[in-house]
Amino acid sequence: AQKVTQAQTEISVVEKEDVTLDCVYETRDTTYYLFWYKQPPSGELVFLIRRNSFDEQNEISGRYSWNFQKSTSSFNFTITASQVVDSAVYFCALSEAGGDSWGKFQFGAGTQVVVTP
Amino acid sequence: DAGVIQSPRHEVTEMGQEVTLRCKPISGHDYLFWYRQTMMRGLELLIYFNNNVPIDDSGMPEDRFSAKMPNASFSTLKIQPSEPRDSAVYFCASSLRRSSGGLDNEQFFGPGTRLTVL
């Protein structure tokens, strides 16, 4: 069975500090996909990034970066030089590619990020 | 392009009433998902469809919940009769399986319907 753990319930930082969100997953599939979503106070869920299990290359997009390590089953997310607009709940999700599970997401519990000026 | 559209955005009803939530997926997407979000249980997948056919409804909490997808551009989630514990935000999401390998399968979410059952 697939499982996603976001151990950090809430992280509070002061603007311009870096913040790293942890995500640890469990799966029996050899092919799977990992995602990060952002849910700002307005409530919508915004897709940030997708990673495939066979692509461990880390990625940077502006102030966002992602560190995918299959050896530790982790897919961590770092916000550099945080801003107040980064305040949101961030969800990590896992999708297995095999058979009937295709497209079905398992979401973590989410990490609330609070950035204060 | 329009994203996933949900209506109503807010619904307040009394216990025992029927509630119908509506969703229009992104045009061309072949998967549609219904989720429920609460503080206690987080994001739960209720049911999902592929090409209008229900694939997995194991997350539907009980017989009071039903979902339909009569065509590729419309789906409903119905609760009858509603109970206070059904109060939650209900999200609809859609995705597109672009290839047999299914690599591009991120889900795009609608704005959600906030349901309050009194």
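Placed above this text is the structure.
All values reported here derive from a predicted model rather than from experimental measurement. (Residues numbered from 1 in each chain as written. Chains lettered and ligands numbered in written order. Predicted model: local features only at pLDDT ≥ 70, side-chain atom pairs only at ≥ 80, totals over all residues. Heavy atoms only, no water.)

A. Up close: the sheet that holds strand S3 (residues 19–24) of chain B. Residue and element names in this part refer to chain B. One open sheet accounts for four strands, arranged S1-S3-S8-S7; its pairing is antiparallel. A strand with exactly one partner marks an edge of an open sheet, and here the two such strands are strand S1 (5–7) and strand S7 (65–71). With strand direction ignored, the average angle separating the axes of adjacent strands in the sheet is 15°. Summarising the sheet, S3 and strand S8 (residues 74–79) pair through five bridges and their orientation is antiparallel. Residue pairing in the sheet places Val19 in a bridge with Ile79 of S8. (Pairing = 2+ DSSP bridges. Helix = DSSP H or I, 4+ residues; strand = E, 2+ residues; numbered from the N terminus. Axes fitted to C-alpha atoms, helices over the stretch in contact; angles between N-to-C directions.)

B. Quick peek at the environment of Ser65 of chain A. Residue and element names in this part refer to chain A. The topology assignment puts Ser65 in strand S8 (residues 64–69). By relative accessible area, which is 21% here, Ser65 ends up partly exposed. A C-alpha to C-alpha distance of 16 Å links Ser65 and Asn52, two positions 13 residues apart in sequence. (Buried < 20%, exposed > 50% of the residue type's maximum accessible area, 1.4 Å probe, protein only.)

C. Looking closely at the interface of chain A and chain B. Across the boundary between the two partners, chain A contributes 19 residues, which contact 21 residues of chain B. For the pair chain A and chain B, the two sides together bury roughly 1,800 Å², of which 56% comes from carbon and sulfur. Put simply, chain A and chain B have two salt bridges between them. A salt bridge links Arg50 of chain A to Glu106 of chain B, with the shortest nitrogen-to-oxygen separation between them at 2.5 Å. Elements represented by at least two residues in the side of chain A that touches chain B include exactly strand S5 (32–39), strand S6 (46–52), strand S10 (88–96) and strand S11 (105–107) of chain A. (Contact = heavy atoms within 4.5 Å. Buried area = accessible area lost by both parts, 1.4 Å probe. Salt bridge = Lys/Arg side-chain N within 4 Å of Asp/Glu carboxyl O.)

D. Local environment of the side chain of Arg36 of chain B. In this fold, Arg36 of chain B is placed in strand S4 (residues 31–38). Excluding residues within four positions of it along the chain, Arg36 of chain B makes contact with Gly42, Leu43, Glu44, Leu46, Pro61, Phe65, Asp86, Ala88, Val89 and Tyr90 of chain B.

E. Fine view of the layout of surface pockets. Of the volumes computed, that of the largest pocket is approximately 700 Å³. As for the largest pocket, its lining consists of 31 residues, and the residues nearest its centre are Gln39, Val89 and Phe91 of chain A together with Gln37 and Met39 of chain B. Put simply, the parts of the chain that give the lining of the largest pocket at least two residues each are S10 and strand S12 (111–116) of chain A together with S4, strand S5 (42–50), strand S9 (88–95) and strand S11 (113–117) of chain B. Here the lining of the largest pocket takes three residues from S10 of chain A, the largest share from any one element. (1 Å grid on protein atoms, 1.4 Å probe; cavity = no way out; pocket = protein on both sides within 12 Å on 5 of 7 lines; lining within 4 Å. Points joined across faces, edges and corners; volume = space filled by probe spheres on them.)

F. Representation of the pairing of S7 of chain B. Residue and element names in this part refer to chain B. As paired elements, S7 and S8 share five bridges and run antiparallel to each other. Across the sheet, Asn71 pairs through a bridge with Phe74, a residue of S8. Linking S7 to S8, which pair antiparallel, is a turn of two residues.

G. Here's a closer look at the pairing of S6 of chain A. Residue and element names in this part refer to chain A. Pairing of S5 with S6 involves six bridges; the strand directions are antiparallel. Paired with Tyr37 across the strands is Phe47, a residue of S6. Connecting the antiparallel pair S5 and S6 is a turn made up of six residues, with Gly43 showing a positive phi of about 105°.

H. View of the pattern of salt bridges. Residues and elements named next belong to chain B. Under the criterion given, the structure shown has 13 salt bridges over all chains. Residue Asp86 pairs with Arg64 through a salt bridge whose shortest N-O separation is 2.6 Å. Highlighted residues: Asp86 in the loop between S8 and S9 and Arg64 in the loop between strand S6 (53–56) and S7, separated in sequence by 22 residues. The burial state of Asp86 is the same as that of Arg64; both residues are buried. Bridged by salt links that share partners, the residues Glu62, Arg64, Glu83, Arg85 and Asp86 form one connected network.

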